[in-house]
Amino acid sequence: MKEQIRVMFSEEQVDARIAQLAAQISSDFEGEEIIAVGILRGGVYFCTELTKRITVPVIIDFIEASSYGAGTVSSGQVNITKDLIEDIEGKNVLIIEDIIDTGRTLSRLLENLKNRNPKTLRLCTLLDKPERRIVKVPVDYNGFQIPDQFVVGYGMDYAQKYRNLPYIGIVEPENA
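Rules behind the numbers
Residues numbered from 1 in each chain as written. Predicted model: local features only at pLDDT ≥ 70, side-chain atom pairs only at ≥ 80, totals over all residues. Heavy atoms only, no water. Helix = DSSP H or I, 4+ residues; strand = E, 2+ residues; numbered from the N terminus. Rg over C-alpha atoms; globule rule 2.2 N^0.38 Å. Buried < 20%, exposed > 50% of the residue type's maximum accessible area, 1.4 Å probe, protein only. Contact = heavy atoms within 4.5 Å. Lys, Arg positive; Asp, Glu negative; His and termini not counted. Charge placed at Lys NZ, Arg CZ, Asp CG, Glu CD. Expected span 1.5 Å × (residues − 1). Arc of directions from axis to C-beta. Core = buried A, V, L, I, M, F, W, Y, C linked by side-chain atoms within 4.5 Å. pLDDT = per-residue confidence, 0-100. Salt bridge = Lys/Arg side-chain N within 4 Å of Asp/Glu carboxyl O.

Peer 1: Hey, could you go over the overall build of the protein for me, with residue numbers and the actual values?
Peer 2: The secondary structure content of the protein amounts to three helices and nine strands. The secondary structure elements of the protein, listed N-terminal to C-terminal, are β-α-β-α-β-β-β-α-β-β-β-β. For 176 residues, the compact-globule formula gives about 16 Å, and the C-alpha radius of gyration of the protein, at 16 Å, lands near that figure. Counting only C-alpha atoms and orienting by the principal axes, one finds that the protein spans roughly 55 × 40 × 25 Å. Within the protein, the proportion of its 176 residues that are buried is 41%. Put simply, of all contacts in the protein between residues at least 6 apart along the chain, 67% involve residues at least 24 apart. When the 20 basic and 26 acidic side-chain charges of the protein are each reduced to a single mean position, those positions are 4 Å apart.

Peer 1: Tell me about helix α1 (residues 11–28), and name the residues and values.
Peer 2: Across its 18 residues, α1 extends 26 Å between first and last C-alpha, which sits within 8% of the 26 Å expected from 1.5 Å per residue. The set of residues buried in α1 consists of V14, I18, L21, A22, I25 and S26. The arc enclosing the buried residues of α1, seen along the axis, measures out at 135°, which places them on a common side.

Peer 1: Break down the nonpolar core for me, citing the residues and quoting the values.
Peer 2: Of all hydrophobic cores here, the largest spans 29 residues; its most connected members are I25, L50, L94, L126, L127, V151 and I168. At the level of elements, β1 (3–9), α1, β2 (34–39), α2 (43–53), β5 (92–100), β6 (120–128), β7 (141–145) and β9 (168–173) are the ones that each hand at least two residues to this core. With five residues, the top contributor of residues to this core is α1. Sequence-distant contacts of L127, that is, excluding residues within four places in its chain, are made with F9, D98, I99, I100, N142, F144, I146, V151, M156 and I168. Core analysis: the second largest hydrophobic core is formed by 17 residues, V37, I63, V78 and L84 among them.

Peer 1: Could you give an account of unusual backbone geometry, naming the residues involved and the relevant values?
Peer 2: For the bond from L40 to R41, the omega torsion is 0°, close enough to zero to count as cis. Here R41 shows up in the loop between β2 and α2. A positive phi angle, near 60°, is found at N117, a position not held by glycine. With respect to the helices and strands, N117 occurs in the loop between α3 (104–114) and β6. For N117, a relative accessible area of 47% gives the class partly exposed. Even without a glycine there, the phi angle at Y162 is positive, about 80°. You can see Y162 is positioned in the loop between β8 (151–152) and β9. A relative accessible area of 22% places Y162 in the partly exposed class.

Peer 1: Any chance you could break down the confidence of the model for the protein for me, citing the residues and the numbers?
Peer 2: On average, residues of the protein score 90 in pLDDT, and 92% of them reach the 70 mark or higher. Low pLDDT, under 50, characterises residues 69–74; the predicted model gives this stretch four contacts beyond four residues in sequence or across chains.

Peer 1: Help me get a handle on the pattern of salt bridges, residues and values and all.
Peer 2: According to the stated counting rule, one finds 14 salt bridges in the structure shown. With a shortest N-O distance of 3.9 Å, K129 and D148 are connected by a salt bridge. Pair noted here: K129 is in the loop between β6 and β7 and D148 is in the loop between β7 and β8, with a separation of 19 residues, a long-range link. Take K129: its relative accessible area is 6%, and that puts it in the buried class. For D148, a relative accessible area of 41% corresponds to the partly exposed category. Between D148 and R132 there is a salt bridge; the shortest N-O distance is 3.8 Å. One end of the pair, D148, is in the loop between β7 and β8; the other, R132, is in the loop between β6 and β7, with 16 residues separating them in the sequence.

Dropping the structure here:
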């Protein structure tokens, strides 16, 4: 089955919203430094675009976590497959995620980072799917709230494809 992509948010809409988020974050952390922690892989595009627009000093780091192992069903146990380089103790930490779905992995990741004693721990997501939430996570900065649809672009993928789209699209099966 082949798929087609329908635009949900245009490149211009995404850029404008990222600029708004960056302005709010910059205002909230005025006079402070933050460590921006992008969640790999999908979060790298959003992390890069967001941090380019933040006006306070930013240190960028990345973390990668999985709760799936070799299977397709979450094990419930989060494994950090790429950890932070930076020490976040006593620092302002901004987690940057591409999309929040069930919240399971992100909740455990936030718990892990909280145990490292940051000064502040905030969460910024480009997309939020509250209909799918199983575990509550505190979202401080939200780009767009979306319905339960499968989306790609801006780092999000379908079978590792479409991450590089400059817009956010909905994957729709193409009728043969």
